[in-house]
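Structure at a glance
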There are 2 protein chains.
Amino acid sequence: MYRSHSCGELRASNINETVRLSGWVHKSRNLGGMTFIDLRDRYGKTQLVFNEEVDKNLSEKAAKLGREFVIQIEGKVAERSSKNAEMLTGDVEIIVSKLIILNASLTPPFTMEDESDGGEELRMKYRYLDIRRTPVRENLIFRHKVSMEVRKYLSDQGFIDVETPYLIKSTPEGARDFVVPSRMNEGQFYALPQSPQTFKQLLMVGGMDKYFQIVKCFRDEDLRADRQPEFTQIDCEMAFVEQEDILNVFEGLTRHLLKEVKGVEFGDFPRMTFDDAMKFYGNDKPDIRFDMKFGELNDLAKNKGFNVFDQQELIVGIAVPGCAGYSRKDTDKLIDWVKRPQVGASGLVWAKVNEDGTYKSSVDKFYNQEDLAAWAERTNAKKGDLILVMSGDTNKVRAQLSALRMEMAERLGLRKADEFAPLWVIDFPLLEWDEDTNAYHAMHHPFTAPKPADVHLLDTDPGKVKANAYDLVMNGNEIGGGSIRIHDKTMQATMLRHLGFSETEAKAQFGFLMDAFEYGAPPHGGLAFGLDRLVSILGGQETIRDFIAFPKNNSGRDVMIDAPAPLDNAQLDELGLKMK
Amino acid sequence: MYRSHSCGELRASNINETVRLSGWVHKSRNLGGMTFIDLRDRYGKTQLVFNEEVDKNLSEKAAKLGREFVIQIEGKVAERSSKNAEMLTGDVEIIVSKLIILNASLTPPFTMEDESDGGEELRMKYRYLDIRRTPVRENLIFRHKVSMEVRKYLSDQGFIDVETPYLIKSTPEGARDFVVPSRMNEGQFYALPQSPQTFKQLLMVGGMDKYFQIVKCFRDEDLRADRQPEFTQIDCEMAFVEQEDILNVFEGLTRHLLKEVKGVEFGDFPRMTFDDAMKFYGNDKPDIRFDMKFGELNDLAKNKGFNVFDQQELIVGIAVPGCAGYSRKDTDKLIDWVKRPQVGASGLVWAKVNEDGTYKSSVDKFYNQEDLAAWAERTNAKKGDLILVMSGDTNKVRAQLSALRMEMAERLGLRKADEFAPLWVIDFPLLEWDEDTNAYHAMHHPFTAPKPADVHLLDTDPGKVKANAYDLVMNGNEIGGGSIRIHDKTMQATMLRHLGFSETEAKAQFGFLMDAFEYGAPPHGGLAFGLDRLVSILGGQETIRDFIAFPKNNSGRDVMIDAPAPLDNAQLDELGLKMK
């Protein structure tokens, strides 16, 4: 037996007990004949004491222990003279009588402290050491708690955890698949699932009624920051439901998580249509922890002699709270900020609402006090606020002002990690126009049903067709989304035709699903949450890597195990493959 | 809202309520102006009644509904005149007032009954219909329950569910890996994990202390019956433990499952060494639901003039209960059975223990009553039993007699699906000799530690070295296994050398693990259970396919979605690959 207690367990009530502990040497100090060691494991730290006067040999052995050595000790629990309220075990220390070195350690490449001196790349290469650090370990334990609560909640609601296959079929639609050559079926490939979408729909056709799974998904994308080629979804589907049923269940789940893992109680989540989200926040995942709602100013700002505005499709502004005091230098800097290529705006107009109720703007030449007062009303600006106005093509200017809004919130400390602002964004368009391919793409995926009332627009004005598709947004991040699905073969065929699939292609790729729809497919819908993102936001952080045990870097590499790697020629041969 | 109740919910207490149900038309009967429909969903069936005299139109519409049509109805709950005790809802029926057809169905290719008329291949192609059948659905729900209980139990014991990566590195050791070409790192490949073995060990090095995961694993093997290329493991690892700690935890888990999902209470599981399992049952996963323990007869049966036995390495027998009445024809058939190539024995000697205490054998010429009495004592044969004796090379004859033992148990109905006989098999050899490659292979895997007392044999008599490696066996099936791992770099290097790895190969493939061992790796060990097998045995069946939602066939194909499939040339190009 390696231990009678963990390193986080002993309390004053254990005083005088003989105990056995095992763990890592976290810290070691020599003080006039006494060696103090903080022994660490997952559960905490315990102070060990070696007294030279009591046992010289033992004390010398202890003094030689390096950081991260793994040891086992026996000793008596004693009251600590100077108690440490910050340690769970801070009331006691162990007077050690026996010491076994279980394993030595080289000097680790970085410290095991909460704030490590190791850079990202180094910590990833030695991820097994990084995980010893409290914040990383606690993040993984937090993730475990969230996963457990998700499963418990959904299972209690009658959802069945069904494992869907990982070796499936490639569909060259949407993102790129990772593929897996089949040795037994030479010349053929499996694909790893981008999501279990079709399988969960087939489970609904199969009468499973309520399905969930916490499941790995794969996307071979050129990685943007904070994306992983493999990621985890909370995947769900329900039969005989309307949108309202689905929103209720997953709002319940989210509320449960906020309560169980964060201790925050929530009532009904607000809802916003996609159109309103775009109009008032400039994007489909508004961060509503703070205000700064867009005010559209076309009617107020055009035809006042200011040419720049007159020519634009949309003039839109926000009121930044308490920033009327910005100097000329400050506002000039903001103008530079929006002109950076990442934002890409051509300029920025500002107007201050002074404390005395007067206005001062960068366009005073064209707009009088009354004009500016109207702007203030429209943007909901109060005394002391700074109104920032941009103009341009609707979609572009909305994206630019949204970026500025987030930046200002960041500067003002309004994006508080411990505040949670969930929001349903609903009524997404069915299709979106893709400038690259000059064609409509499915905004959600090709299995999303158009709203029945909009079906007639599919041929005449496809961009106008709305879907019963919804996203759950939290703190400006998309936590997940879903939709009511098509359950009718003819409708699915129509949809695929609109997405540019020939009948042959549709049959080859989704024939099994359309066949299934001919055998009594029930109405159904569902949703998927991104677990990595959900956990990181609940954990008050925004980097998903911090909540993944063994993440990959931005080139899709695992720098610890050094994967991917070249393959043996023999392995390639067996697969009937060669490199080009 | 599609339904106010499920089809399994209504009881006598609901009589006179107006309800709304949705589901599938399971069965339809016309009886003199009345149409009765069994409406089915996941939760049960409810009888619907349409009365021609009350509403002719509605009744005609109902009469036209085909099997598996999806409908929604409204109606009043009424007491049933002839109650059906076999149905949960058998006390009531619904007098339907409104009928909506949600989706039509073609005539399904097989019936949705418990005993379907569809063959395996047909049911797999239409798996979404097969899942509608009660036994398949209940198997999947049973699997869900087992998974939930496993997670709950382990989490309550302080285990943390940590997700390990799926895109890892290929190691051409053990079974074949499935590989995944990397587009971003051209010419390089990921591999899908055969198990998260190295990652869970790194989590122990990382101080996670107790890890578990229910995780998909992948093996590109030529599929034997009832193997799947992707399968699910309950994967666990613990730090600062000895074998005893691990056995206790997972015996506790198994006991918990037996109690929670089967209602069977168990005390301590029996344990048997690998050597005893081979000696007394002829294989390392003995089915101990029944007796027929091997009795070795060398000292009793040699040198009695029977040449066949005199020349053999091992003479060994079993006592088959109650089969002394076998006719000459019966025993001849048994001899034919053991001579089949699947068993491959050269013959079989029998001896009957008659009810009057006398003996009759196929070798009476060489063995007298006293000799046969000694055989009976050694094989524990009682009056009325049939002793079956085989001889040959030790390993071969044990395997042959083991096959015969299982066959006899099957014939006698001793392999009862609702009886559970768990057994720990311990003290496995570290290495096993592979006739094909003329070399030692790791019996468990290359990370298993030799028993400290046996380390000195590694160089002189490697086949004798035992490991702290163990399997949990249930009803003659290996449920899972594990071992105490090596946590010392030098020992790991020694082990890899013994397995034929050059130093360069060892470093290239397992360098990250051996590096990790230099930074304070704790003693650790663990185990993995095969979830598919565990669930099927707990479910009282032996075919894992029946407990997998979308299984593959013996060629590794998913016949429903028709995967694997050829890849687009463009996709191959992007990966820098071509077919040979």
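For clarity, every value in this text was computed on a predicted model and none was experimentally measured.

1. Quick look at the overall build of chain A
On a plain count of helices and strands, chain A comes out with 17 helices and 23 strands. A principal-axis box enclosing the C-alpha atoms of chain A has dimensions of 90 × 75 × 50 Å. Considering only residue pairs separated by 6 or more positions, chain A has 65% of its internal contacts joining residues 24 or more positions apart. A total of about 23400 Å² of accessible surface is found on chain A, and carbon and sulfur atoms cover 46% of it.

2. What to know about the packing of aromatic side chains
Inspection of every chain in the model, using the stated rule, returns 47 aromatic pairs over all chains. Measuring from centroid to centroid gives 5.9 Å for Phe218 of chain A and Tyr166 of chain B, while their planes differ by 75°, and the two rings are edge-to-face. A residue pair is termed interchain when its members come from two chains, as with Phe218 of chain A in strand β9 (residues 210–218) and Tyr166 of chain B in the loop between β6 (160–161) and β7 (179–181). By relative accessible area, which is 0% here, Phe218 of chain A ends up buried. Given the relative accessible area of 5%, Tyr166 of chain B is considered buried. Each member of the aromatic cluster is reached from another via a ring pair, and the members are Phe306, Phe309, Phe366, Tyr367 and Trp375 of chain A. Seen from the ring of Phe280 of chain A, Lys293 of chain A lies directly overhead, with NZ or CZ sitting 4.8 Å from the centre.

3. Here's the deal with the interface of chain B and chain A
Of the residues lining the interface, 124 residues belong to chain B; the matching set on chain A comes to 124 residues. Note on chain B versus chain A: buried area summed over both sides is about 11000 Å², and carbon and sulfur give 61% of it. Its largest share of buried area at the contact with chain A, chain B owes to Glu163, Phe240 and Tyr519 of chain B, together 8% of the area lost on that side. Our count for the chain B to chain A interface comes out at 14 salt bridges. Residues Arg183 of chain A and Asp222 of chain B are paired through a salt bridge, measuring 3.2 Å at the closest nitrogen-oxygen approach.

4. Structural notes on the domain arrangement of chain A
Frequently, the measure chosen for interface size is the accessible area that the parts lose on association. Domain boundaries assigned for chain A yield domain 1 (12–103), domain 2 (138–271 + 423–547) and domain 3 (290–415). Centre-to-centre separation of domain 2 of chain A and domain 3 of chain A, based on C-alpha positions: 37 Å.

5. Let's talk about the pattern of salt bridges
Counted according to the given criterion, the structure contains 90 salt bridges over all chains. The shortest N-O distance in the salt bridge between Glu296 of chain B and Arg398 of chain B comes to 3.2 Å. Of the two residues, Glu296 of chain B sits in strand β12 (residues 295–296) while Arg398 of chain B sits in helix α12 (residues 394–411), which places them 102 residues apart along the sequence. Overlapping salt bridges bring together Glu120, Arg123, Arg127, Asp130, Arg133 and Arg545 of chain A as one network.

6. Section: the sheet that holds strand β12 (residues 295–296) of chain A
Residues and elements named next belong to chain A. The five strands lie next to each other as β12-β13-β16-β14-β15, forming an open sheet whose pairing is antiparallel. With one partner strand each, in any of the chains shown, β12 and β15 (359–361) form the two edges of the open sheet. Bridge count between strand β13 (residues 314–320) and strand β16 (residues 386–392): seven bridges; the pairing is antiparallel. Residue pairing across strands places Val316 opposite Met390, the latter belonging to β16. Packed onto the sheet, helix α12 (residues 394–411) meets β12, β13 and β16 and runs at close to 155° relative to β16.

7. Points about unusual backbone geometry
Residue and element names in this part refer to chain A. Looking along the chain, the bond that leaves Ala563 and enters Pro564 is cis, with omega of 0°. Residue position: Pro564 is located in the loop between α16 (531–538) and α17 (569–574). Unlike most non-glycine residues, Met292 shows phi in positive territory, near 55°. Counting through the fold element by element, Met292 comes out in the loop between α7 (274–281) and β12. The class for Met292 is buried, based on a relative accessible area of 3%. Within the chain, Asp427 stands out as a residue other than glycine whose phi angle is a positive 55°. You can see Asp427 is positioned in the loop between β17 (422–426) and β18 (431–434). On the basis of relative accessibility, which here comes to 19%, the residue Asp427 falls in the buried class.

8. Some thoughts on the sheet that holds strand β2 (residues 34–41) of chain B
Residues and elements named next belong to chain B. Within the closed barrel, the five strands sit side by side as β1-β2-β3-β5-β4. Their pairing is mixed. Shown here is a sheet whose adjacent strand axes are inclined to one another by a mean of 55°, direction ignored. Bridge count for strand β1 (residues 18–31) against strand β4 (residues 70–79) is seven bridges, and the pairing is antiparallel. Looking at β4, one finds that Trp24 is bridged to Val70.

9. Notes on the relation of the copies chain B and chain A
For the pair chain B and chain A, the best superposition has an RMSD of 0.1 Å and corresponds to a rotation of 180° with a translation of 0.0 Å parallel to the axis. Seen this way, the second copy is the image of the first under a two-fold rotation axis.

10. Focus on the side chain of Asn475 of chain B
Residues and elements named next belong to chain B. Relative to the helices and strands, Asn475 resides in the loop between β20 (469–474) and β21 (477–484). By relative accessible area, which is 2% here, Asn475 ends up buried. At a separation of 2.9 Å, a polar atom in the side chain of Asn475 contacts the main-chain carbonyl oxygen of Glu419. Each residue touching Asn475, except ones within four places of it in the same chain, is listed here: Asp287, Arg289, Arg415, Glu419, Phe420, Ala421, Ile537 and Glu542.

11. Details of the pairing of β16 of chain A
Residue and element names in this part refer to chain A. Along β16, seven of the seven residues are buried, which leaves the element largely enclosed by surrounding structure. Burial along β16 is two-sided: the face carrying Leu386, Leu388, Met390 and Gly392 and the face carrying Ile387, Val389 and Ser391 are both buried. Pairing geometry for strand β14 (residues 349–353) and β16, over four bridges, is antiparallel. Residue Trp350 lies in a different strand from β16, and its bridge partner there is Leu388.

12. Regarding helix α15 (residues 503–516) of chain A
With 14 residues, α15 of chain A extends just 17 Å between its outermost C-alpha atoms, more than 12% less than the 20 Å of an ideal straight helix rising 1.5 Å per residue. Largest kink in α15 of chain A: about 85°, centred on Phe510 of chain A. Inspection of α15 of chain A places Ala506, Gln509, Phe510, Gly511, Phe512, Leu513, Met514 and Ala516 of chain A among the buried residues, and these make up the whole buried set. Those residues of α15 of chain A that are buried lie in contact with α5 (197–205) and α14 (489–498) of chain A together with α3 (127–130) of chain B.

13. Considering the state of the cysteines
In protein chemistry, a disulfide is the covalent bond that joins the sulfur atoms of two cysteines. Residue and element names in this part refer to chain A. All chains considered together, the criterion is met by zero disulfides over all chains. Free cysteine Cys236: the closest other cysteine sulfur is in Cys217, separated by 12 Å. The buried category is assigned to Cys236, whose relative accessible area is 1%.

14. A short note on the environment of Lys396 of chain A
Secondary-structure assignment places Lys396 of chain A in helix α12. Note: C-alpha distance between Lys396 of chain A and Val343 of chain A (53 residues apart in sequence) is 9.4 Å.

15. Some thoughts on the packing of helix α14 (residues 489–498) of chain B against helix α15 (residues 503–516) of chain B
Residues and elements named next belong to chain B. In the contact formed by α14 and α15, the axes pass within 10 Å of each other and the chain directions differ by 155°. Compared by their axis directions, α14 and α15 come out roughly antiparallel. Pair α14 / α15 crosses with right-handed handedness. Residues Lys489, Gln492, Ala493 and Leu496 of α14 touch α15, and the partners they reach there are Ala506, Phe510, Met514 and Asp515. Here the contact of α14 with α15 is built from residues that sort into five nonpolar, one polar and two charged.

16. A word on the environment of Ile288 of chain B
Residues and elements named next belong to chain B. Turning to its location among the elements, Ile288 is positioned in the loop between α7 (274–281) and β12. For Ile288, a relative accessible area of 23% translates into the label partly exposed. The spacing of Ile288 and Lys76 is 212 residues in sequence and 55 Å in space, taken between C-alpha atoms. The contact partners of Ile288, leaving out residues within four places of it in the chain, are Pro270, Met272, Tyr281, Ala421, Pro422 and Leu423.

17. Focus: the environment of Glu79 of chain A
All names here are of chain A. With respect to the helices and strands, Glu79 occurs in strand β4 (residues 70–79). Setting aside residues up to four positions removed in sequence, Glu79 forms contacts with Ile15, Asp91 and Glu93. A polar contact of 2.8 Å, which involves the side chain of Glu79, links it to the side chain of Lys83.

About the cut-offs
- Residues numbered from 1 in each chain as written.
- Chains lettered and ligands numbered in written order.
- Predicted model: local features only at pLDDT ≥ 70, side-chain atom pairs only at ≥ 80, totals over all residues.
- Heavy atoms only, no water.
- Helix = DSSP H or I, 4+ residues; strand = E, 2+ residues; numbered from the N terminus.
- Contact = heavy atoms within 4.5 Å.
- Areas by Shrake-Rupley, 256 points an atom, 1.4 Å probe, with all protein chains shown as cover.
- Phe/Tyr/Trp six-rings, centres within 6.5 Å; stacked < 30°, edge-to-face > 60°.
- Buried < 20%, exposed > 50% of the residue type's maximum accessible area, 1.4 Å probe, protein only.
- Lys NZ or Arg CZ within 6 Å of the ring centre and 35° of its normal.
- Buried area = accessible area lost by both parts, 1.4 Å probe.
- Salt bridge = Lys/Arg side-chain N within 4 Å of Asp/Glu carboxyl O.
- Domains from an automatic or database assignment.
- Pairing = 2+ DSSP bridges.
- Axes fitted to C-alpha atoms, helices over the stretch in contact; angles between N-to-C directions.
- Least-squares fit on C-alpha atoms with pLDDT ≥ 70 in both.
- Polar contact = N/O pair within 3.5 Å; in protein donor to acceptor, adjacent residues only side chain to side chain.
- Expected span 1.5 Å × (residues − 1).
- Bend = angle between axes of the 7 residues up to and from the residue.
- Disulfide = S-S within 2.5 Å.
- Parallel < 35°, antiparallel > 145°, perpendicular 65-115°, else oblique.
- Left-handed = near helix turned anticlockwise from the far one by under 90°.
- Nonpolar A, V, L, I, M, F, W, Y, C, P; charged D, E, K, R; others polar.

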